[in-house]
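Structure at a glance
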Amino acid sequence: MAPVFDPHRREQAVRGAGNLALPPGIEGVVMRKDYYNPMRNLAIIVPFLAALLFSSGPSAQPPQASMKAGAVESHEGVTISAQPWTDAASYKAKFPKKSPQAAGIVAIDTIIRNDTDDSMKIDLEQIRLNITVSEDNRQALRPLTPDDVADVVMDAGKKDPTASHRLPFPIPSSGPKVGRDKHWVAMQKAAADAAVSGSVVAPHHVMQGLLYFDLQGQFDLLSTAHLYIPDVRALEKNHPLLYFEIDLSR
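Report on the accompanying structure. Note that the structure is a prediction, hence the values are computed from the model and not measured. (Residues numbered from 1 in each chain as written. Predicted model: local features only at pLDDT ≥ 70, side-chain atom pairs only at ≥ 80, totals over all residues. Heavy atoms only, no water.)

This next bit is on helix H5 (residues 182–194). Taking 1.5 Å of rise per residue, 13 residues should cover 18 Å, and H5 covers 18 Å from first to last C-alpha, within 8% of that figure. Listed as buried for H5 are Trp-184, Met-187, Gln-188, Ala-190, Ala-191 and Ala-194. Buried residues in H5, looked at end-on, bunch into an arc of 160 degrees, giving them a common side. Seen from the buried face of H5, the exposed residues on the opposite side, beyond 90 degrees, are Lys-182 and Asp-193. Between a side-chain oxygen at the N-terminus of H5 and the backbone nitrogen of His-183 the separation is 3.1 Å; the capping residue is Asp-181. (Helix = DSSP H or I, 4+ residues; strand = E, 2+ residues; numbered from the N terminus. Expected span 1.5 Å × (residues − 1). Buried < 20%, exposed > 50% of the residue type's maximum accessible area, 1.4 Å probe, protein only. Arc of directions from axis to C-beta. Polar contact = N/O pair within 3.5 Å; in protein donor to acceptor, adjacent residues only side chain to side chain.)

Take a look at the structure:
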């Protein structure tokens, strides 16, 4: 006569045997799920933020492909990416005739993405490019206006090309200039068209453009550079965000 299967008897036998060992591999999976690994989480979060930044909605301008390698910082619903243009080829599309780089200026392609429900205002005049020349020589460079860019580029052709540039860096001036011919006007327009176009980013929108800094051709200083953006504010709530300090040396 075949044995009759009694589920109650089997349950009692299991209870009497104590905890059964898990099949091989299960314990490791559970531990890996619950274990907090900061570096692994960082490796997941950074690509996610980059993907979030570079996938804009239908009303936003699509970021350039070259920005995928830009340094990124994100908090409080705002993500900012910055990529210095160190290759002469990067300037050709925006500046087909005269390049700011040839005059010692670096352009930083900047994307500001606002994923919040508030408009965000950025005080562009307070932005600084912080560089370290030596242990006892740190400088905060002000951004150049399109007028400043045109002045530097047009003036560069009049300087002795063999003369070496020395620090400290000049402070951009706002005084009236003379000798602004059609070439100056064309340069100023090109710089203005490529620059960050405004100071307010609408909710769930992206703003992209160039920030200019006069490095006097000392582009190696970018290996120490941080783009410091201290004043970002939610307009509707009148709430200041924590500052952004983007490491450009990576």
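Next comes the rest of the description.
Before going further, it helps to spend a moment on the sheet that holds strand S1 (residues 71–75). Across the sheet, four strands lie side by side as S1-S2-S3-S8; this open sheet has antiparallel pairing. Looking at which strands have only one partner, the edges of the open sheet turn out to be S1 and strand S8 (205–214). Taking the axes of each pair of neighbouring strands and ignoring which way they run, one obtains an average angle of 20 degrees across the sheet. Pairing geometry for S1 and strand S2 (residues 78–85), over five bridges, is antiparallel. Its bridge partner lying in S2, Ser-74 is registered against Thr-79. (Pairing = 2+ DSSP bridges. Axes fitted to C-alpha atoms, helices over the stretch in contact; angles between N-to-C directions.)

Turning our eyes to something else, we now look at the nonpolar core. Ranked by size, the top nonpolar core spans 50 residues in total, and within it Phe-95, Leu-129, Tyr-212, Phe-213, Leu-227 and Leu-248 carry the most contacts. Each residue touching Phe-213, except ones within four places of it in the same chain, is listed here: Gly-104, Ile-105, Val-106, Ile-108, Ile-127, Arg-128, Leu-129, Leu-141, Arg-142, Pro-143, Leu-144 and Leu-227. (Core = buried A, V, L, I, M, F, W, Y, C linked by side-chain atoms within 4.5 Å. Contact = heavy atoms within 4.5 Å.)

So, on to the pairing of S2. Most of S2 sits out of view: eight of its eight residues are buried. Of the two faces of S2, the one holding Val-78, Ile-80, Ala-82 and Pro-84 and the one holding Thr-79, Ser-81, Gln-83 and Trp-85 are both buried throughout. The antiparallel hairpin formed by S1 and S2 contains two residues in its connecting segment, where Glu-76 sits at a positive phi of about 55 degrees. Relative to strand S3 (residues 105–114), S2 is paired through eight bridges, and the arrangement is antiparallel. Paired with Trp-85 across the two strands is Ala-107, which belongs to S3.

Looking now at unusual backbone geometry. Positive phi values are uncommon outside glycine, yet His-204 reaches one of about 55 degrees. As for its position among the elements, His-204 is in the loop between strand S7 (200–201) and S8. His-204 sits in the partly exposed class, given a relative accessible area of 46%. Non-glycine residue Gln-216 carries a positive phi angle of around 50 degrees. In this structure, Gln-216 sits in the loop between S8 and strand S9 (226–229). Assessed through its relative accessible area of 12%, Gln-216 is described here as buried.

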